[in-house]
Each structure stands twice: as structure tokens, then as C-alpha cells.
Amino acid sequence: MKRCLLALANLFVILTVLVLPGLAQRKNEVTALPFSETPYFVGERLTYNVSFSNFVSAGHVELFVAAHGAFYGRDAIELRAHVETTGVVYAALFALNNDYISYVDPANGQPFRAQQVVREAARSSDTSSDFNQPAGTAAIPDKLRTGEFPGTYDFLSALYRLRALPLAEGSTYYLTVRSESQEFQVELKVKGHEAIRTNVGSFNALVTQIRVTNDSAANNYHVQIYFTDDERHVPVLITAKTRAGDVRAELAGSQLVPGLPAKVPTKPVEVPQPTPAPGPIGTPIANNLLNGLPFKVGEQLNYQAFLATVQQPVGTIAFQVRPRSRYFDHDGLLFTVTAETTNAAQRLFFAKDTLSSYVDPATLLPFRFEVQLAEGKRRSKDTLTINQDYGTATNEQGRKIEMPVGTHDYLSIFYAVRSMNLAPPKRNAVSILVNGRAKTLVITALRRETIQIGTQKIPAIQLSLTTDDQQPDKYALRAWISDDDRRLPLRLTATTELGQLHADLVILPLTRQ
């Protein structure tokens, strides 16, 4: 039973330790299989929900490409993973909350150092291992099978190296994977294609089967991994069988970093930019630049909201990016939005709501979320303190909400979407907190089209926003994002109890030169 619980609790430690492939070149036949850099784009974040037996949500896993820089005197990419059991499994079966870090060579994906922090119910440990990979001709053994790869990997670096392979149908790959003091001789075979449906969407996936040739107990898990059939090779589903029940790790959210395709110049959209108001008191950060993001500190976006049955605007919405500073002992950005009804809407309802989201400048994930609502006679306020490392949010009353690592709030997602790859028909999925519960939000780029805002015709990308509810498109949420470097949200529409609602960005009229 304990071995089955370990299979569940370590999720990827078991589901990927037993899974991972490799490549090879012979001493007299220097022909290496391709190495793709795409899976190593800094900022990519993948979140998985794990089910076990009859437990629909037994835990979650996050994979994150954290950084590229100098580590331990070497140029390296830092890979991170977080594995955690939740709910009944955490409370009654196996309490686990582990972190894994692997530092790999950007040229070939080989690890030179791995760290793990293990937090179980009865023990906690922090260990590290050095992978002293041989170099030059010493790295090439005398005899290797076709598809075999020299060197040893930890489970995390091996998973990413697997994604960097061609994964050609019918091919078999071999690799040595080390977990603590045990080594596994792993064989991965690409069996074919299969249509896989998850909460994130449907995929024509590559099906791979794992064999562990030197450990019959590990081999009996019958692990299969399903990868997207594209250059990213994202694992969308991992399955394994244990005596206590089946284990299933399913992609629940993804933040994929696009490459740098050539941009087609488009006519700029002119948006009024008032002088930024000062943010909350904090220690200013010297580097206030937001490298690689489509917005700048001080950006303010103003919208007018309309109902189909009312000719005048029924509301105004103002978003603002406040200065980067030291907020609540974090280096952060502050996003704010204020939405209020106008006089034209007073006979229908009154509202003035203010949201504030404090986010990490590198990931745009929130660490604090504040809400002040004034709707009719109802007044309320709340604050969530969010721990992205452990996948929890705690309100002012001390109630703890469990959520996948990498979960957004209502406001942070508004900005995070703008940094995603939105080339149609691209689909992104993220976890978002809705009324105290984590839900999967799927952002689908439907099509490119030109829309008119005021007097301007602007190239845009239409998006649909759906959830993992029983009625995923209940509110028919749609957004149009400018098809340029700024990725401005131009128009937002939804179906409400009061009818069709749309909000348009207020744009300065162009002056003829």
C-alpha cells in the first residue's frame, strides 16, 4: 500500500522517473538526434491535476522553466517542479509538498546539479546531487543501441530532454535516470497517435509507452505519456496503474511562451495616457522596466460599457499599471481596476467596485488580491494572501483555499492573457480563482479580423473565454485584442441577466497629418 501511495504522491517523480528517453551517438558514427530549444523557453508554466482511484482531485503538479543565467559558475537553464497532494489524500493517506530544481546545459539539456526539498508528514529534507557528466569523446561509450543516449538524468531534466526529441512514430529511445540512489534503465516507444480530450481541450496526441528493463515493480506501473504533436511536445496526459487504483495526471493549465516571429507593422492604436497616480507606499525598485511584456508602468486603459437596451454608456472601467515597488515584502507590480455605473444605469442598478492585484513582475502571478465591492445596498471587502509556492490562498478570516500552483485572480489574468501566444487557432489554459474556487479558464484564439472602435478600424484577434463548468460558454465571453506588439484589449462582450453587454476601449481620434 505504501508503494502505491508513493506512486500517487510523487506523481512525476514516479510517472516521469519511469518514463524518460534519450538519444545517442556512436564513437565512429557521430550522428546525434536533433535537440529542440523550444521546451526550454523561460517562463513556460504547466499545471496538472492528478486523480487517483476514486479521488477526482488527489494532488497537483507544476512544471516551470524558471531562468537562464549563470548558476554555480556555469551557463544553465533552471527547471523547477512542485508536487503536492491535496484534500483527503493529503489529510488521510499521504501528505506531500515537494519542490525539485534541476540545472541543465542549454546546449544539450544535460543536468549538472539537482536539488530537492521533500516535505512529508513525518519528515522534511533538503538534498542536492551533482551530475558529473563526462565530456568530449569520454562521453561516448563503445557500444550504444540506436536511439540510446549516454549520461545520467534526474527525473525533471529527463522530462524536458524527452520533449526536445523528435518523437518519431515507431521510434524507441533509451536513457538512464537516477532517483536518489537508484538508477532506472528506461525504454520509451512512440506507439502512434490518439485523440485525447482534457479540460484544457482536445489534442491529436503522440502516444508513448514506458518500459523499465531493470526493475519489474516499476515496469508494472504501465506508464503512458501523451504529448502534443507539435514542436513543444507538451505532456497533456500521463497515466499509470497501481494495485490501489489508476493514477491520471491531466494538463489543467498552461502558460506557453511564444517564440519571436517577425512582426508585421500595423498602425498604432492611440490610447490616452494620463500621468500615473502614485501607488501605495513602498520601496521603489531600481529596475522599473518590464522587459518582454506588452505594457508599461503607468499604462491606463479606460472603457465605456454599453447594454443593448440603453443608448448611453451604462458604466466606465479603468485599468492601471502602478509602479514596480516593494509591496508586502515582495518585489511586485500593482494592477488596479475601478468599475462603476453611470447615471444612465441608475434605474437598473448601482455599482462601484475596486480590485487590486499585486503580482510577481516575472510571472505576473498574484501574491495578494484585494476586493472592495459596492453594489446596490451591499458593501463588502476582502483580501486574499496567495502563496504560489504551495498552491494556497488565505482570506482575512483565515480560511484557506487550495488551488493549483500558477493560479490567477480576476485582474492578473487580464494582463497575463496579453503576454500569451494568441496566434489563431492557439488555445491557452490557466487556473483562475472564481468565488473562492479554482477553475480552469480556456482562452482560444478564434480568428483575425478588423473591428471598428470609434472612428478607427483596427486589426484584432478574437478570443473566446470558457471554463470547465457544466456550461463552459454560459456567458459567451469574447474579447478582441489588438494584433500588434501592445496586445491592447479593444472590446469585451458578455451575455448577462440584463442582456448583451459590451465594453469598448476609449481611443483618441487620429488627427490627419
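Note that residues are indexed from 1 along each chain, following the sequence as it is written. Local features are withheld for residues below a pLDDT of 70 in this predicted model, meaning they are given only at 70 or higher, and side-chain atom pairs are given and counted only at 80 or more; totals for whole chains, interfaces and linings count all residues. The side-chain numbers reported here are obtained from all heavy atoms of the structure, hydrogens and water having been left aside.

(A) Region of the structure containing the packing of aromatic side chains. Pairing of aromatic rings covers Phe, Tyr and Trp, the last through its six-membered ring, and needs centres within 6.5 Å; plane angles under 30 degrees mean stacked, over 60 mean edge-to-face, and all others mean tilted. By the definition in use, this model includes 16 aromatic pairs. With a centroid separation of 5.1 Å and an interplanar angle of 70 degrees, the aromatic rings of F295 and Y415 are classed as edge-to-face. Here F295, found in the loop between β14 (283-284) and β15 (300-307), pairs with Y415, found in helix α6 (residues 412-416); they are 120 residues apart in sequence, far enough to count as distant. In this pair, the class of F295 matches that of Y415, namely buried. Residues F328 and Y358 carry aromatic rings whose centres are separated by 5.2 Å and whose planes lie at 85 degrees to one another, so their mutual orientation is edge-to-face. Secondary structure elements are taken from DSSP: a helix is a run of H or I of four residues or more, a strand is a run of E of two residues or more, and numbering for both begins at the N terminus. Exposure is judged per residue with a 1.4 Å probe applied to protein chains only, and the accessible area is read against the type maximum: over 50% gives exposed, under 20% gives buried, and values in between give partly exposed.

(B) Structural context of the pattern of salt bridges. Should a side-chain nitrogen of Lys or Arg be within 4 Å of a carboxyl oxygen of Asp or Glu, the pair is scored as a salt bridge. Here the structure, examined in full by the defined rule, presents 18 salt bridges. A salt bridge links D483 to R448; the nearest nitrogen and oxygen atoms lie 2.8 Å apart. Here the residue D483 occupies a position in the loop between β27 (477-482) and β28 (489-496), and R448 occupies one in strand β25 (residues 437-453), the gap between them amounting to 35 residues. Residue class for D483 comes out partly exposed when judged on its relative accessible area of 22%. Through salt bridges with shared partners, a single ionic network connects E299, R418 and R486.

(C) Inspection of unusual backbone geometry at higher detail. Residue P424 is joined to P425 through a cis peptide bond whose omega torsion reads 0 degrees. Its location among the elements puts P425 in the loop between α6 and β24 (427-434). Phi at H233 takes a positive value of approximately 50 degrees, unusual for a residue other than glycine. Checked against the element boundaries, H233 lands in the loop between β11 (224-228) and β12 (235-242). Given a relative accessible area of 6%, H233 falls into the buried group.

(D) Main features of the side chain of R487. Locating R487 in the fold gives a position in the loop between β27 and β28. Two residue types count as positive, namely Lys and Arg, and two as negative, namely Asp and Glu; His and chain ends fall outside the count. Buried charged residue R487 carries no salt bridge. Nearest counter-charge: D483, at 5.0 Å.

(E) Main features of the environment of R448. For the pair R448 and A460, spaced twelve residues apart in sequence, the C-alpha to C-alpha distance is 5.8 Å. Between two residues, a contact is recorded if the distance between any of their heavy atoms is within 4.5 Å. Setting aside residues up to four positions removed in sequence, R448 forms contacts with A423, P424, A460, I461 and D483. Any pair of N or O atoms that falls within 3.5 Å is considered a polar contact. Within protein, one atom must be able to donate a hydrogen and the other to accept it, and sequence-neighbouring residues count only if both atoms are side-chain atoms. A distance of 2.8 Å separates the side chain of R448 from the side chain of D483, its partner in a polar contact.

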